[in-house]
Amino acid sequence: MAATRGRVGWSFGTGVAEWRAGPAIVTNTGGHLVRVVLIYLPHPYLQQPDAQAPLGLMYVGAVLENAGIEVLMRNYSSLLTHQAIDELPEADLYGITVTSLELPQANRFTHLIKEKYPQARVCLGGPGTYTDKYVDWHVIDCICRGDGELAILDIINDLRRGELKQLYDGRMVQDLDSLPLPARHLLNGSQGGNIFAYNHNYKPGGSTILSTSRGCPFKCSFCSAPYFTNMSCGMRYRSPKKVYEEIKHVVETYNVRQFRISDDMFLARRSRVAELCELIGDLDIVWRISTRVKPFDKDIADMIRQAGCREVSLGVESFDDQVLKVLNKGNTPEDNAAALEAAADAGLKTRVLFMIRTPGQTRHTVPTNIRWLRKVPYDIIACTSFVPIPGSEIWNHPERYDIEILDRNLDSYNFYFFGKNGENELEDVIKLKDRSLAELNQETLDFRQFLKSTGKLNGEDEPKDVIKITDRSLAELNQETPDFRQLPKSTGKRKAG
Ligand code: B12
Ligand code: SF4
């Protein structure tokens, strides 16, 4: 067993947590004790960074605890990088969850971990691991692709034997009901904050995030979710009874009654939704979902409203028929309008998820969108600027979508029109074939003006919501943590061996 270091006592959030058995022990010489810290990275660019806790890490944490492995969770979302690093306790293994857009940040954060604890190992997991091209193999020891619950135990076993591999293709969990409940207690503090439009709180006590299924049966061309959550195993559902038990547990343990259901396609199986609504109807909870426009209809809207649903995020994306086709949405502008009307009739708040600068955009797209948005009912609009997400069809085959990807450096990728400090600059990430960039940029400005005039913008004068990203440039991160500038950039090359 390797040498032990000084005891690391620390406090975080409202609770105080310490390793149960004293100091962390670095085990890469074959020791048996392994200590793990699961990290949710700082998100200074989000409007309310700590509004939603990292559910994937809570699942991984639960499995580790069940296996008797000491694990701590660090939700650093509201901290700056240097504060997080200062606070970080010593461990044998750090597990970081990443989206693609966070990969460069995870590389930089890991450099700092390794400066502080050179012997520690770092593993990345989450949707950002779809491609390992942007992983800095100088510092990252391994990545887990897909579900983490079985893979993390493989990783721990390999770490104990000193035979850590670089790539763990997460074995997918077929029976989601067999999983332990996510380890919410590892958060040592607030479970979650504002999750509803305009920060509305229906119940006191904060909120939490909940998953009832994994995967999505659809294949929108801009989305990577089906590729990493389905992988080889298709859509997976938890039984309504198990979901009911989890909700009841959360209400009784944490007194939290507001839930964001994080499923990609909560409505994928109507009968299951009906059964769940029946069960949870008496729990005095409120919740929100995200769904594709189809099959959302009046019956579903009434049913979920009655069971406590208060808000629906609808993947509208565009009202331009051609754009909808290119994005492979499988629905028409009329379907979009009908879904919004059904929700409004049922008394549900609606959040329109929208995109511009997409493949398929013509000079008619922005005027068409403005015309429709002036007549359909909705409460809030979250409009992002299209960027090709690694793992999506458009990222993999831009030529099929008549676009050229000008920039694949994820540091340049910024979805958001509006940020904490006003309007964000957008990089020219894609070029539409046969259309000038100047024209596309002018259309962006026109649409931005229109959005401002609606008064329904996510994060405008009204109280704000969670996922507005300001400039994601390296420059900003460097300003936040000057040391970053000194760090080597990702090489995109794997370590030998
Ligand atoms: C809720 C949610 C959010 C929340 C909070 C996310 C959070 N705290 O976890 C908020 C609103 C903050 C958010 C923001 C964004 N999100 Co988001 N979000 C989601 C959503 C809908 C659900 C996430 C979830 O709870 N999944 C359920 C859990 C159980 O799964 P999981 O997190 O993948 O974890 C499992 C495995 O990945 C793995 N794993 C995860 N981490 C780790 C770590 C280790 C060490 C190991 C071993 C394994 C492991 O094990 C877990 C259990 O099996 C997903 C959609 C989706 N299908 O995941 C999008 C999604 C993750 N978001 C996405 C994006 C792009 C974003 C944004 C960048 C932009 C945006 N669209 O607004 C922002 C910024 C995110 C950031 N952190 O910088 C994309 C990511 C795509 C990609 N290829 O990277 C997704 C997939 C949506 C999509 N359809 O494209 N998001
Ligand atoms: S955008 Fe939504 S409906 Fe389309 S593939 Fe992604 S998760 Fe499924």
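How each quantity is defined
Residues numbered from 1 in each chain as written. Chains lettered and ligands numbered in written order. Predicted model: local features only at pLDDT ≥ 70, side-chain atom pairs only at ≥ 80, totals over all residues. Helix = DSSP H or I, 4+ residues; strand = E, 2+ residues; numbered from the N terminus. Buried ≥ 20, exposed ≤ 12 C-beta atoms within 10 Å, placed from the backbone. Contact = placed C-beta atoms within 7 Å. Near = placed C-beta within 6 Å. Nonpolar A, V, L, I, M, F, W, Y, C, P; charged D, E, K, R; others polar. Pairing = 2+ DSSP bridges. Axes fitted to C-alpha atoms, helices over the stretch in contact; angles between N-to-C directions. Core = buried A, V, L, I, M, F, W, Y, C linked by C-beta atoms within 7 Å. Domains from an automatic or database assignment. Right-handed = clockwise from strand over helix to strand, strands pointing away. pLDDT = per-residue confidence, 0-100. Arc of directions from axis to C-beta. Left-handed = near helix turned anticlockwise from the far one by under 90°.

A. Structural view of the overall build of the protein. Broken down by element type, the protein carries 14 helices and 20 strands. Out of the 497 residues in the protein, the part that is buried amounts to 48%. Within the protein, contacts between residues at least 6 apart in sequence are counted, and of these 77% link residues at least 24 apart.

B. The site of ligand 2, seen in detail. Neighbouring ligand 2 are the residues Cys216, Phe218, Lys219, Cys220, Cys223, Ala225, Pro226, Asp264, Met265, Arg292 and Gly315. Residue composition of the shell around ligand 2, grouped by class: seven nonpolar, one polar and three charged.

C. Focus on the sheet that holds strand E8 (residues 167–169). In space, the six strands of this open sheet follow the order E4-E3-E5-E6-E7-E8, with parallel pairing throughout. Strands with a single pairing partner mark the edges of an open sheet, and in this sheet they are strand E4 (70–75) and E8. The mean inter-strand angle of the sheet, taken between neighbouring strand axes irrespective of direction, is 20 degrees. The sheet contact formed by strand E7 (residues 142–145) and E8 spans three bridges and is parallel. Bridge pairing in E8 places arginine 145 opposite aspartate 169.

D. Inspection of the site of ligand 1 at higher detail. Neighbouring residues of ligand 1: 41 residues in total, closest Gly56, Gly95, Thr97, Gly125 and Gly148. Mapped onto the shell around ligand 1, the elements with two or more residues apiece are helix H1 (55–66), strand E5 (93–97), strand E6 (121–125), helix H4 (151–161) and helix H5 (225–229). In terms of residue count, the dominant contributor to the shell around ligand 1 is H1 (five residues).

E. Main features of unusual backbone geometry. Residue proline 295 is reached from lysine 294 by a cis peptide bond, and omega for that bond is 20 degrees. Looking at the secondary structure, you find proline 295 in the loop between strand E13 (286–292) and helix H8 (298–306). Here tyrosine 198, not a glycine, exhibits a phi torsion of approximately 55 degrees, which is positive. Relative to the helices and strands, tyrosine 198 is located in the loop between E8 and strand E9 (207–210). On the basis of neighbour count, tyrosine 198 is assigned to the partly exposed category, with 16 C-beta atoms found within 10 Å. Backbone geometry places aspartate 284, a non-glycine residue, at a positive phi of 55 degrees. Within the element layout of this structure, aspartate 284 appears in the loop between helix H7 (270–280) and E13.

F. Seen up close, the sheet that holds strand E14 (residues 309–317). With parallel pairing, six strands are arranged side by side in an open sheet as E9-E12-E13-E14-E15-E16. Of all strands in the sheet, those with a lone pairing partner are E9 and strand E16 (380–385), marking the two edges. Ignoring strand direction, the axes of neighbouring strands in this sheet form an average angle of 20 degrees. In terms of strand pairing, E14 meets strand E15 (residues 349–356) through six bridges, oriented parallel. Looking at E15, one finds that glutamate 311 is bridged to lysine 349. Contacting E14 and E15, helix H10 (residues 333–345) runs over the sheet at an angle of about 170 degrees to E14.

G. Focus on the nonpolar core. Ranked by internal contacts, the top residues of the largest apolar core, which has 120 residues, are Tyr94, Ile96 and Ile155. If one sorts the elements of this core by residue count, H1 sits on top with seven residues. Each of two domains, domain 1 (4–176) and domain 2 (197–463), supplies a minimum of three residues to this core.

H. How the structure looks around the pairing of strand E12 (residues 258–261). Bridge count for E9 against E12 is four bridges, and the pairing is parallel. Bridging from a neighbouring strand, isoleucine 209 pairs with arginine 260 of E12. Note that the unit made of E12, H7 and E13 has a crossover that is right-handed.

I. Here's a closer look at the confidence of the model for the protein. Averaged over every residue, the pLDDT of the protein is 86; residues scoring 70 or more account for 85%. For residues 22–30, every residue scores under 50 in pLDDT, and the model assigns this stretch 41 contacts once sequence neighbours within four places are set aside. Contacts from residues 460–497, a stretch scored under 50 in pLDDT, to residues over four places away or in other chains number 79 contacts.

J. Structural context of H8. Residues Ile300, Ala301 and Ile304 constitute the buried set of H8. One face of H8 carries all of its buried residues, which in axial projection span an arc of 100 degrees. In the segment just after H8, glycine 308 is the residue with positive phi, at about 110 degrees.

K. Quick look at the packing of helix H6 (residues 240–254) against H7. Interaxial distance between H6 and H7 falls to 9 Å at its minimum, and their mutual angle equals 35 degrees. Viewed along their axes, H6 and H7 form a crossing whose handedness is right-handed. Together, Pro240, Val243, Tyr244 and Ile247 of H6 and Arg272, Glu275, Leu276, Leu279 and Ile280 of H7 make up the contact between the two elements. Class assignment for the residues of the contact of H6 with H7 results in seven nonpolar, no polar and two charged.

L. View of the pairing of E5. For E5, the tally of buried residues reaches five of five residues, placing the bulk of the element in the interior. Residues Leu93, Gly95 and Thr97 of E5 are buried on one face, and the alternating residues Tyr94 and Ile96, pointing to the opposite face, are buried as well. Both strand E3 (residues 35–40) and E5 contribute to a ladder of four bridges, which runs parallel. Across the sheet, residue valine 36 finds its bridge partner in E5, namely leucine 93. The sheet contact formed by E5 and E6 spans five bridges and is parallel. The residue bridging isoleucine 96 from the neighbouring strand is leucine 124, located in E6. Between the parallel elements E5 and E6, the chain passes through helix H3 (residues 103–116) in a crossover that is right-handed.

M. Structural detail: helix H11 (residues 365–375). Here H11 has its buried residues at Thr365, Val366, Asn369 and Leu373. Down the axis, H11 shows its buried residues gathered within 90 degrees of arc, on one side only. Relative to its buried face, H11 has exposed residues pointing more than 90 degrees away, namely Arg371, Arg374 and Lys375. Tucked into the core, H11 has its buried residues touching helix H9 (321–326), E15 and helix H13 (437–454).

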